[in-house]
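# Close look at the chain arrangement
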Amino acid sequence: MINPLRGMKDLTFEESQRFEHIVNMASTIAKRYGYGYIETPILEETALFKRSVGESSDIVGKEMYQFIDKGDNDVCMRPEGTAGVVRAFISAKLDRQPVKQKFFYYGPMFRYEKPQKGRLREFHQFGCESFGEASVYEDFTMITMISQIFDALGIGYELKINSLGCVECMPPYRQNLVSFLSEINNELCEDCNRRIVTNPIRVLDCKNEKCQFHLVTSPKLLNNLCECCDSDFIELNKLLTKAGIKYTIDTNLVRGLDYYNKTAFEFVSNEIGAQSAIAGGGRYDKLVEFLDGKPTPAIGFALGIERIMELVKMPEIKREGYYMGAMVPEAIPALMTLAARKRLTDKVTVEFSSKGFKSHMKGVDKAYPQYAVLIGEDELKNGTLWVKNLETNEERTIAIDEF
RNA sequence: GUGGACGUAGUUCAGUUGGUAGAGCACCAGUUUGUGGCACUGGGUGUCGCGGGUUCGAGCCCCGUCGUCCACCCCA
């Protein structure tokens, strides 16, 4: 027996319905905010992810499904969605038009990780990317939209926000932090010492208590923002408060991908294990030009579909369509004709084997239709159908033509 | 990549100091050619993850391997 690869899952029945429901709900809401569907390739040049996500990140460093294809190209299964959408945006030369563009997407992402709860090798994200809008109102709008999606899905969440600064204020702060960390590096754990070199901001959210003790006096980015970043962050706080969206400022919130700047946010749930981030995103104003486009401010987010699947409250299922069956084999051809016609407008389940009444009714329970339609000896003889409405339990025998 | 737990029926699980596998649910058939969900009766559907070893004998003990789960790391 061949099973799916490690960390990859088949979705059927309730699970696939949940998946569909999430995508439908998120798409519907995103469209209301002006987002249009974009589909981009799953396979991209490896260089795209190295340049956008960043070589220092774990994603690029050790988690990519990367290989050389038959044409000698260095290619990679996308580990996240933003890079591909930005690439598509630039490929279509949309960066040369002064028009704001908003896209949503959903689909599989691949990371070669060790699977655990909420962490798969093939997982699915729904995401949005907004290009050309630098206003902090857009940051606020996006966060509002995500809250709305989670509300519509019946999911509880906590929102964390932070500002990562910009090219003006981040580099000096970073240098500042590195020198602070270097002075106390003897007190810090092994991981943190590694992070001082690879990604010093990450040291700030180390879970080691001893590290946290020594980090109390560390320089904080929020106190070192430039005027623009500072006022935008204050404005974002005001807007969220005014809109009644609960949030906390998490100065240690660092997004894992190199391209983020200014607003960073994360939605977390405490009900799904250690992998608690259910959505994350932020601004990436420099990424478009970094991938050879014209400077274009942008902001985006992605939510992990599998991570929220078990949190979603599903709407009640309703009876739908028809179950059709015959109690004598000779009636089956007539059934097929009726079914074909009904299927132009309704859901129809046809049982091809003729069997007893009771047996058919069991089939009816499984198919959960609104109507059961049966043909037995009498009906066949008289050219009629037996129809039962399973909601009202009303039964009728009608002429075939009336159906 | 590191650490820990666990792999028995479709599923959830039981299985004694080692003696050739069992229960609930699900499923199928029947009671019942004409009223389903309920009830009753019958049916086990299995490479005990895989491979080796110890033993007269392994689901159980040992080694290896694959896989799942959980945590770290990291992230959606």
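The shown structure was predicted, so the numbers you read here are calculated from the model rather than taken from an experiment.

### Looking at unusual backbone geometry
- Although it is not a glycine, Lys262 adopts a positive phi angle of roughly 45 degrees.
- With respect to the secondary-structure elements, Lys262 resides in strand 9 (residues 261-268).
- Of note in this structure, Asp292 is not a glycine but carries a positive phi near 75 degrees.
- Structurally, the position occupied by Asp292 is in the loop between helix 10 (287-290) and strand 11 (298-304).

### Observations concerning the protein's contact with RNA strand B
- Not every one of the 49 residues close to RNA strand B is listed here, only the nearest: Lys117, Arg195, Arg202, Asp365 and Glu395.
- Here the atoms of RNA strand B within 4 Å of the protein split so that 50% fall in sugar or phosphate, with bases taking the remainder.
- The side chain of Gln116 places a nitrogen or oxygen atom 3.2 Å from a phosphate oxygen of RNA strand B.
- Contact between RNA strand B and Asn393: a base oxygen at 2.6 Å from a side-chain N or O atom of the residue.

### Quick notes on the confidence of the model for chain A
- Confidence along chain A averages 90 in pLDDT terms, with 100% of residues attaining 70 or more.
- Per-element confidence in chain A ranges from a low mean pLDDT of 76 for helix 3 (residues 58-62) to a high of 98 for strand 1 (residues 36-37).
- On the interface metric, ipTM, the complex scores 0.83, and its pTM is 0.90.

### Some words on the sheet that holds strand 4 (residues 74-77)
- Within the open sheet, the three strands sit side by side as 2-4-3. Their pairing is antiparallel. Both edges of this open sheet fall to strand 2 (43-45) and strand 3 (65-68), since each of them pairs with a single strand only. Neighbouring strand axes in the sheet, compared pairwise and without regard to direction, differ in orientation by 35 degrees on average.
- Summarising the sheet, strand 3 and strand 4 pair through four bridges and their orientation is antiparallel.

### Thoughts on the state of the cysteines
- Under the counting rule described, the total for this entry stands at zero disulfides.
- Lacking any disulfide linkage, Cys226 is separated from the closest cysteine sulfur, that of Cys229, by 3.6 Å.
- Its relative accessible area of 13% is what places Cys226 among the buried residues.
- In this structure Cys229 is a free cysteine whose sulfur lies 3.5 Å from that of Cys166, the closest cysteine sulfur available.

Cut-off values and rules
Residues numbered from 1 in each chain as written. Chains lettered and ligands numbered in written order. Predicted model: local features only at pLDDT ≥ 70, side-chain atom pairs only at ≥ 80, totals over all residues. Heavy atoms only, no water. Helix = DSSP H or I, 4+ residues; strand = E, 2+ residues; numbered from the N terminus. Near = heavy atom within 4 Å. Polar contact = N/O pair within 3.5 Å; in protein donor to acceptor, adjacent residues only side chain to side chain. pLDDT = per-residue confidence, 0-100. Pairing = 2+ DSSP bridges. Axes fitted to C-alpha atoms, helices over the stretch in contact; angles between N-to-C directions. Disulfide = S-S within 2.5 Å. Buried < 20%, exposed > 50% of the residue type's maximum accessible area, 1.4 Å probe, protein only.

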